[in-house]
Amino acid sequence: MKVVLRNPKRELDVPTPPNVGRLLRDLEIVPETVLVIRNDTLATHDERLSDGDIVEIRPVMSGGAR
Amino acid sequence: MKCGRCRAPAVIDVRRHNAGYCRDCFVRHCGEQVRRAVEQFDMIRPGERVLVAVSGGKDSLGLWQLLRDLGYDAEGLYLGLGIGAYSEESAAFARAFASERALKLHEVDLASEYGFDVENGARVARRAPCSACGLSKRHLFNDVAIRNGYDVLATGHNLDDEAAVLFGNVLRWETEFLGRQHPVLPAAPGFVRKVKPLIRLSEREMAAYCVLSGIDYIVEECPMAAGNRHLGYKTALNEIEERSPGSKAAFVFGFLERAHDRFMDEVDDARADLHPCSVCGAPTPGDTCAFCRMRARAVGEPLALRTGP
């Protein structure tokens, strides 16, 4: 399964985990800090994943002067 | 997971509310949270003109859309900070948003109109880049709002921003800053009213709102913000939130309900001692405001030779 990470943009090939929540745990990413976009659609943490999926993990944290 | 409101398949889960939402119910939820914040804190009154400070990011563009959808007369302001390709790309997102919706976008460019950029200003003022950036934004947002007759300046500060700032202010017991930390800063001579209508929405909710509403925004983070203290506080708070969902909201709203008033005297004292800057006329406790001092150092001009762009 392909995973797209941002800041900087890069791609990983990872063994397909059973669902989105497990993918984030495997990558040690705090769920509150990202959106998961599976095949161009937002995915909840219980959503099941398949071998051909392309999953973007998009950070949501911004932190300069506001 | 099903949408907690309509039982359609959910596209986003929000642990703080222990709920999942489908697209339509989530977009409605975001509108409801903004309306509730505006009403709870009396941010915008009927007929008032609102200037939204937009950066090209998810919070400010999402805020602009939400305010328009709620029926407010909201126009935008983009400030070019001269941060290389990042500024060019963020400006393109702000312009595209305004153009696609036929909305008015004011633009101010720090380098061409004031003769310096954030990096240069930070170096000469011996400030961190985020500090020089924040100073420039506070000064110029207020200046444009006053000069163009807006009643309210709205910024995209969300729940995570407010929790991180509160965390930092409490760690150092910055009592004057604690007195200022409120979703509304009332208007005063030389100051437009400033409001934060996203205080009831997290940054994850705002990112989801933009994705689900078809709003394109700059995903990349400002290169100058990497490793700053504010991001460190957010990381710490997100670890707490992960173990105890709702902690950030409880921290911020508990402060506003039970502690904020205790620090208000410090703000009143600070505002009572202001007079016009000798260069630009903005309220300042000294002869010359911090923005004009930074600008004069950055461009190598003596003070008081300039009256604005």
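Our structure's up above, just so we're on the same page.
A quick note: this is a predicted structure, and the numbers were derived from the prediction, not measured.

Reading the values: rules and limits
Residues numbered from 1 in each chain as written. Chains lettered and ligands numbered in written order. Predicted model: local features only at pLDDT ≥ 70, side-chain atom pairs only at ≥ 80, totals over all residues. Pairing = 2+ DSSP bridges. Helix = DSSP H or I, 4+ residues; strand = E, 2+ residues; numbered from the N terminus. Contact = placed C-beta atoms within 7 Å. Axes fitted to C-alpha atoms, helices over the stretch in contact; angles between N-to-C directions. Buried ≥ 20, exposed ≤ 12 C-beta atoms within 10 Å, placed from the backbone. Right-handed = clockwise from strand over helix to strand, strands pointing away.

S.K.: I tried to follow the sheet that holds strand β5 (residues 54-59) of chain A on my own but got confused; where do I start?
M.R.: In any sheet, the strands associate via hydrogen bonds between backbone groups, in a parallel or an antiparallel arrangement. The strand order β2-β1-β5-β3-β4 (chain A) describes an open sheet built from five strands, whose pairing is mixed. The sheet terminates laterally at β2 (10-13) and β4 (41-42) of chain A, the two strands that pair on one side only. As paired elements, strand β1 (residues 2-5) of chain A and β5 of chain A share four bridges and run parallel to each other. Within β5 of chain A, the residue paired with Val 4 of chain A across the bridge is Glu 56 of chain A. Strands β3 (34-38), β4 and β5 of chain A of the sheet are contacted by helix α9 (residues 203-213) of chain B, whose axis makes an angle of about 30° with β3 of chain A.

S.K.: Just to check I follow, could you spell out unusual backbone geometry for this structure?
M.R.: Negative phi is the rule for most residues except glycine; trans is the rule for most peptide bonds. Put simply, Asn 7 of chain A and Pro 8 of chain A share a cis peptide bond, and its omega is 0°. Locating Pro 8 of chain A in the fold gives a position in the loop between β1 and β2. For Glu 28 of chain A, which is not glycine, the phi dihedral falls at a positive 55°. With respect to the helices, strands and loops of the structure, Glu 28 of chain A is situated in the loop between α1 (20-26) and β3. For Arg 126 of chain B, which is not glycine, the phi dihedral falls at a positive 55°.

S.K.: Help me out: how do you make sense of the pairing of strand β3 (residues 49-54) of chain B in this one?
M.R.: Within a regular strand, side chains alternate between the sheet's two faces. Residue and element names in this part refer to chain B. In terms of burial, β3 is a largely internal element, five of the six residues being buried. As paired strands, β3 and strand β4 (residues 73-80) are joined by six bridges and run parallel to one another. Residue pairing in the sheet places Leu 51 in a bridge with Glu 75 of β4. Between the parallel pair β3 and β4, the chain is carried across by helix α2 (residues 58-69), and the sense of this crossover is right-handed. With three bridges connecting them, β3 and strand β6 (residues 152-154) associate as parallel partners. Paired with Leu 51 across the strands is Leu 153, a residue of β6.

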